[in-house]
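# Chain and residue survey
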Amino acid sequence: QDQVSAYQILTQAQSFILVGTTSDPIGTVGQLGYRTDLGRVRFFNGAWDSFPGLNTIDIFTNKTLVSPVITGTVTGGATYASAVLATPIINGASTGTGIQGTSPTLMTASTVAGVGAILCTDATGGATTSACPTASGFKSEGVNVVPVTVGNTVALSPLQTITIPSNDIGSGQTFYVDATGIIGDTGPPTLFIGLYLDGVLISGGGFMPNLAPANSQPWGFRASFTGISTGVAGTVSGAIFLWQSTNSGGAIATNTIGAGDPGQTIVIDTTISHVLQLKVQWGSADALNTITSNIMTVYRIG
């Protein structure tokens with residue numbers, strides 16, 4: 001089109017078509033070009049570079065990925081600085097080595113598998129491909145507030161159940177089980193009450209609840225077990241149980257697991273979840289022999 005000003009070209013043009021080449025010319029700062037072999041618009045700013053595409057795969061060169069650094073102050077005034085991850089994890093299996101901070105230790109090295117995997121180290125701070133170690137301190141493992149009643153039967157029956165998540169049983173950690181409820185009997189039958197881990201008795205015993213006259217009385221139960229070792233062939237050891245009711249004459253701790261053995265030691269796989277159950281068994285069936293558990297609480301210390 002003839003007789004068109006340069007200003008009109010710049011303000012009214014719908015598009016510019018750059019002549020394509022297969023190599024970069026000697027550039028001038030601000031110069032644009034198009035490489036047909038690369039399929040890229042190029043610009044010169046001391047060196048030729050390309051505009052990245054939205055729908056194309058670009059290979060970045062001469063770039064450095066910088067890991068974020070966490071800094072802060074812990075109790076006592078000590079400061080720490082730690083790189084989160086030197087090699088970023090991008091939606092898949094990856095490994096990365098971090099930098100150990102001064103205090104507290106956030107990471108030394110670690111192995112991650114899968115999207116959303118938990119990043120952790122072993123007890124010595126080294127890389128681990130096994131399950132993450134359990135954290136120390138206090139943790140509630142669960143509360144069951146659905147009442148369950150067992151009566152008029154001589155069958156071993158569950159009162160309440162709580163599931164312990166995988167990798168929650170650590171070495172030296174003690175789990176306490178507290179339960180409360182109401183009991184009534186014909187005065188007095190025998191009663192067995194026990195704590196079972198995956199169907200195996202780890203703490204419990206039999207006794208004769210002294211409830212005279214036969215009526216409903218509040219009762220409380222406590223048992224515990226401690227993790228001895230962890231892993232596929234980990235071990236836990238149960239402790240003697242404690243029972244008390246209004247007219248029972250105080251705490252009773254009668255253990256029937258084994259002579260001279262305050263609790264049962266069993267082998268379990270600590271990397272998987274476990275079912276913890278409180279079970280009871282009456283010595284005689286009677287409509288008045290009933291025991292109800294209203295609340296069962298499990299918590300961990302260590």
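That block above? That's the structure.
Residues numbered from 1 in each chain as written. Predicted model: local features only at pLDDT ≥ 70, side-chain atom pairs only at ≥ 80, totals over all residues. Heavy atoms only, no water.

## Some thoughts on the nonpolar core
Of all hydrophobic cores here, the largest spans 30 residues; its most connected members are Trp 219, Phe 221, Phe 225, Trp 243, Leu 276, Leu 278 and Ile 291. Elements with a minimum of two residues in this core: strand E11 (157–164), strand E12 (174–184), strand E13 (191–197), strand E15 (217–229), strand E18 (265–268), strand E19 (274–282) and strand E20 (290–301). (Core = buried A, V, L, I, M, F, W, Y, C linked by side-chain atoms within 4.5 Å. Buried < 20%, exposed > 50% of the residue type's maximum accessible area, 1.4 Å probe, protein only. Helix = DSSP H or I, 4+ residues; strand = E, 2+ residues; numbered from the N terminus.)

## What about the pattern of salt bridges?
Pairing between side chains becomes possible if they bear opposite charge and their charged atoms approach one another. Counted by the stated rule, this structure contains six salt bridges. A salt bridge links Arg 222 to Asp 178, with the nearest nitrogen and oxygen atoms 2.7 Å apart. One end of the pair, Arg 222, is in strand E15; the other, Asp 178, is in strand E12, with 44 residues separating them in the sequence. One salt-bridge network, in which partners are shared between bridges, spans Asp 24, Arg 35, Asp 37 and Arg 42. (Salt bridge = Lys/Arg side-chain N within 4 Å of Asp/Glu carboxyl O.)

## Observations concerning a nonpolar patch on the surface
Together, Leu 18, Leu 32, Val 41 and Phe 51 make up an exposed nonpolar region whose accessible area comes to about 330 Å². For Val 41, a relative accessible area of 33% gives the class partly exposed. (Patch = residues over 30% accessible without salt bridge, like charges linked within 9 Å, V, L, I, M, F, W, Y side chains within 5 Å. Areas by Shrake-Rupley, 256 points an atom, 1.4 Å probe, with all protein chains shown as cover.)

## So, the side chain of Ser 203
Its location among the elements puts Ser 203 in strand E14 (residues 200–207). Taking relative accessible area as the criterion, Ser 203 reaches 0% and is therefore assigned buried. In this structure the side chain of Ser 203 is engaged in a polar contact, spanning 2.3 Å, whose partner is the backbone oxygen of Ala 239. (Polar contact = N/O pair within 3.5 Å; in protein donor to acceptor, adjacent residues only side chain to side chain.)

## What to know about the sheet that holds strand E2 (residues 32–35)
The strand order E1-E2-E3-E4 describes an open sheet built from four strands, whose pairing is mixed. Only two strands of the sheet have a single neighbouring strand rather than two, namely strand E1 (20–21) and strand E4 (48–50). (Pairing = 2+ DSSP bridges.)

## Some words on the environment of Ile 162
Mapped onto the elements of the fold, Ile 162 is located in strand E11. Residue Ile 162 is classed as buried on the basis of its relative accessible area, which comes to 7%. Dropping the residues within four chain positions of it, Ile 162 is found in contact with Glu 141, Gly 142, Val 143, Asn 144, His 274, Val 275, Leu 276, Met 296 and Val 298. (Contact = heavy atoms within 4.5 Å.)

## Here's the deal with the packing of aromatic side chains
Counted under the stated rule, the structure contains five aromatic pairs. Each ring, one from Phe 175 and one from Phe 225, has its centre 4.9 Å from the other, and the planes form 0°; the classification is stacked. Pair noted here: Phe 175 is in strand E12 and Phe 225 is in strand E15, with a separation of 50 residues, a long-range link. When sorted by exposure, Phe 175 lands in the same class as Phe 225, which is buried. Here the aromatic cluster, defined as three or more aromatic residues joined through ring pairs, consists of Phe 138, Tyr 176 and Tyr 299. (Phe/Tyr/Trp six-rings, centres within 6.5 Å; stacked < 30°, edge-to-face > 60°.)

## A closer look at unusual backbone geometry
Negative phi values dominate among residues other than glycine, just as trans dominates among peptide bonds. Residue Asn 167 is not a glycine yet carries a positive backbone phi of 65°. We note that Asp 198 has phi near 55°; this positive angle belongs to a residue other than glycine. Structurally, Asp 198 is set in the loop between E13 and E14.

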